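Understanding the architecture of this molecule
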Amino acid sequence: MVRQLEWRFLGIAVPMALIASIGWGSDILVFRRHLPMDLLIRHRIYVFIIWLTYLLAILVPPGSPPRPFNPDPQLAKISTFCRKCNAVKPPRAHHCRICNTCILRMDHHCPWTNNCVGHRNLLHFIRFLLSVVFGTSSVFWNLCGRIRVLWEARHHPVYDDDVSLSEIIATIVFTPASFFVIFTVGLLTIRTLWNLCENVTLIETWERERVEGQIRRGRLPPVEFPYDLGGPYDNLVASLGPVWSWFLPWMEPQGDGMHFEANEDATPNTPWPPTDPDEIPAYQYVERQMPPMVVGSRGSNTGSISAFPAPYFNERAGHATQQLYGFDATEFGSDDDADPNTYWRRDKWQSWEGERLEDFGVDVDAEMYRTTRSDDIDGNEENIPLGIVKRKLVGNSIRCAEESVEVRSNNL
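Residues numbered from 1 in each chain as written. Predicted model: local features only at pLDDT ≥ 70, side-chain atom pairs only at ≥ 80, totals over all residues. Heavy atoms only, no water.

**Some points on a nonpolar patch on the surface**
Residues M37, I41, I45, F48, I49 and L52 make up a contiguous nonpolar surface patch of about 560 Å² in total accessible area. Checked against the element boundaries, I45 lands in helix α2 (residues 37-59). For I45, a relative accessible area of 46% corresponds to the partly exposed category. (Patch = residues over 30% accessible without salt bridge, like charges linked within 9 Å, V, L, I, M, F, W, Y side chains within 5 Å. Areas by Shrake-Rupley, 256 points an atom, 1.4 Å probe, with all protein chains shown as cover. Salt bridge = Lys/Arg side-chain N within 4 Å of Asp/Glu carboxyl O. Helix = DSSP H or I, 4+ residues; strand = E, 2+ residues; numbered from the N terminus. Buried < 20%, exposed > 50% of the residue type's maximum accessible area, 1.4 Å probe, protein only.)

Rendered as structure tokens:
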């Protein structure tokens with residue numbers, strides 16, 4: 001799970017202390033006296049590579065959109081807007097609340113490098129993780145070998161010059177510490193490589209889980225994640241560049257971090273993730289003339305503020321979704337167990353691991369619309385999310401219908 005640290009200096013201080021203590025401490029106190037020279041040189045090369053890749057992961061910027069950014073017409077169709085930068089945001093980019101800028105192909109803000117993982121430094125971050133796993137595994141293996149030797153010599157006299165108290169203490173301390181590093185960093189490495197095999201960022205895994213949940217509940221129509229090209233090799237090349245560049249420490253992924261190849265099942269000219277109606281101001285929806293609007297009859301696109309997109313707060317809207325898109329949205333149940341006005345919002349929803357979008361460093365305020373008068377559309381309607389407008393107008397319509405029925409009953 002990704003969590004941001006309260007004291008940012010700890011994010012760099014803790015890894016540096018672990019690298020120095022395990023890498024150099026085991027060398028000085030244990031390996032220098034007992035390892036063969038070839039293994040000792042290999043160990044020092046591993047430590048050097050870990051330091052090099054760590055410094056590159058810290059110092060290389062993740063990449064930000066050019067300012068001013070004027071996207072071409074094709075890119076503009078799938079770009080969104082950043083409220084904090086007051087500028088267009090390319091696809092897969094997010095505004096980092098810690099770096100206070102938009103990051104190209106943002107994966108997450110890593111507290112252990114005090115830097116975002118994005119388009120430019122993704123390969124450096126992967127190299128750092130792999131070097132830590134391989135280097136620390138070598139340390140753990142050699143320490144376990146030394147423990148076996150010490151155990152076999154446990155009946156020797158305590159004044160044996162070949163064994164010192166500092167070596168015994170270092171072996172006892174560094175062995176579990178190295179195993180802890182292998183376990184924790186190894187899990188992160190597996191998770192990162194798995195995401196790369198699907199050409200998905202850590203943030204997009206969160207978004208994809210949220211979107212799939214809304215599709216099952218009938219709040220959104222079926223939609224495919226656009227950047228999964230099918231096979232692990234194709235996805236790895238699309239994410240990291242050619243294979244030969246993976247092993248050169250100065251190489252970075254190719255491309256500009258703004259144009260990405262999409263699969264054949266992706267809906268053209270549609271940004272990912274699909275926008276919730278609760279996050280779209282009514283005026284912006286009308287101006288963009290986004291997906292089909294549902295008023296009295298399907299497919300109406302009158303531009304009226306009373307026209308709603310077809311996602312999907314109740315059973316009636318679920319049936320409309322079924323007729324429009326050919327799938328049964330109601331078979332998955334309703335949202336009766338959660339408030340649909342807040343549960344699915346990007347600033348509220350949590351993944352199965354308990355992660356929120358802000359845990360990855362994303363500034364949610366820069367990516368969603370809010371209103372201080374959440375249930376009132378009688379004032380300034382420009383910043384009122386469309387879902388609130390829908391619920392307000394539907395409520396008014398129901399009241400008008402009830403009053404009409406009551407008047408007719410009285411007349412009879």
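Structure's up, so let's keep going.
**Observations regarding the packing of aromatic side chains**
The way to describe two aromatic rings as a pair is by their centre distance and the angle between their planes. Taken as a whole and judged by the stated rule, the model has seven aromatic pairs. On the numbers, 5.6 Å between centres and 80 degrees between planes, the contact of F225 with Y227 is edge-to-face. By relative accessible area, F225 is classed as buried at 6%. Plain terms: the ring middles of F225 and W272 are 5.3 Å apart, the flat faces sit at 85 degrees to each other, and that makes the pair edge-to-face. With F225 in the loop between α6 (202-216) and α7 (232-240) and W272 in the loop between α7 and α8 (282-288), this pair connects stretches of sequence that are 47 residues apart. Directly above the ring of F260 sits R92, whose terminal nitrogen or CZ lies 4.9 Å from the centroid. Above the ring of F225, the side-chain terminus of R208 is found at 5.4 Å from the ring centroid. (Phe/Tyr/Trp six-rings, centres within 6.5 Å; stacked < 30°, edge-to-face > 60°. Lys NZ or Arg CZ within 6 Å of the ring centre and 35° of its normal.)

**Examining the pattern of salt bridges**
Counting across every chain of the model gives nine salt bridges. For K84, the salt bridge is made with D363, and the minimal N-O distance between the two is 2.6 Å. One end of the pair, K84, is in the loop between β1 (80-82) and β2 (87-89); the other, D363, is in the loop between α9 (315-325) and α10 (386-411), and 279 residues separate them in sequence. Assessed through its relative accessible area of 9%, D363 is described here as buried. E252 serves as the salt-bridge partner of R120, at 3.3 Å between the closest nitrogen and oxygen.

**Side note on the packing of helix α4 (residues 122-152) against helix α5 (residues 165-197)**
Two numbers describe how α4 lies on α5: the axes approach to 8 Å, and their chain directions differ by 145 degrees. Considering the relative orientation of α4 and α5, their crossing is left-handed. Grouping the amino acids of the contact of α4 with α5 by side-chain chemistry returns 21 nonpolar, eight polar and two charged. (Axes fitted to C-alpha atoms, helices over the stretch in contact; angles between N-to-C directions. Left-handed = near helix turned anticlockwise from the far one by under 90°. Nonpolar A, V, L, I, M, F, W, Y, C, P; charged D, E, K, R; others polar.)

**Here we look at unusual backbone geometry**
The amide bond that connects R67 to the next residue, P68, takes the cis arrangement and shows omega of 0 degrees. You can see P68 is positioned in the loop between α2 and α3 (73-77). One non-glycine residue with positive phi stands out, namely R92, at about 75 degrees. Position of R92 among the secondary structure elements: in the loop between β2 and β3 (94-96).

**A closer look at the packing of α2 against α4**
Viewed as axis vectors pointing N to C, α2 and α4 meet at an angle of 155 degrees, and their least axial separation amounts to 8 Å. If you check the angle between α2 and α4, you find them roughly antiparallel. For the pair α2 and α4, the sense of crossing is left-handed. Here H43, Y46, I49, I50, T53, Y54, L56 and A57 of α2 come into contact with α4, specifically with H124, F125, R127, F128, S131, V132, G135, S138 and V139. (Parallel < 35°, antiparallel > 145°, perpendicular 65-115°, else oblique. Contact = heavy atoms within 4.5 Å.)

**A few points about the side chain of T53**
Here T53 lies in helix α2. Of the polar contacts made by the side chain of T53, one reaches the backbone oxygen of I49; its length is 2.9 Å. (Polar contact = N/O pair within 3.5 Å; in protein donor to acceptor, adjacent residues only side chain to side chain.)

**Digging into the side chain of T171**
In this structure, T171 sits in helix α5. Other than its neighbours up to four places away in sequence, T171 contacts V30, L143, R146, I147, L150 and P176.

**Description of α7**
Among all positions in α7, only N235, L236, S239 and L240 are buried. Seen from one end, α7 has its buried residues packed into an arc of 105 degrees, which puts them on one side. Where α7 is buried, its residues meet α4 and α5. Two residues or fewer after α7 comes G241, characterised by a positive phi angle close to 95 degrees. (Arc of directions from axis to C-beta.)

**So, the environment of H34**
In this structure, H34 sits in helix α1 (residues 9-34). When its relative accessible area of 24% is taken as the criterion, H34 is described as partly exposed. A polar contact is formed between the side chain of H34 and the side chain of R146, at a distance of 3.1 Å. Here the side chain of H34 touches E167 through a polar contact of 3.0 Å, side chain to side chain.

**Topic: the nonpolar core**
Among the nonpolar cores identified, the biggest contains 31 residues, and F31, F128 and L240 are the most heavily contacted of them. Those elements that place two or more of their residues in this core are α1, α2, α4, α5 and α7. When residues of this core are assigned to their parent elements, the largest contribution, 10 residues, is made by α4. Excluding residues that lie within four positions of it along the chain, F128 makes contacts with I19, I50, T53 and Y54. Counting 13 residues, the second largest nonpolar core, distinct from the first, contains C116, I203, L357 and F360. (Core = buried A, V, L, I, M, F, W, Y, C linked by side-chain atoms within 4.5 Å.)

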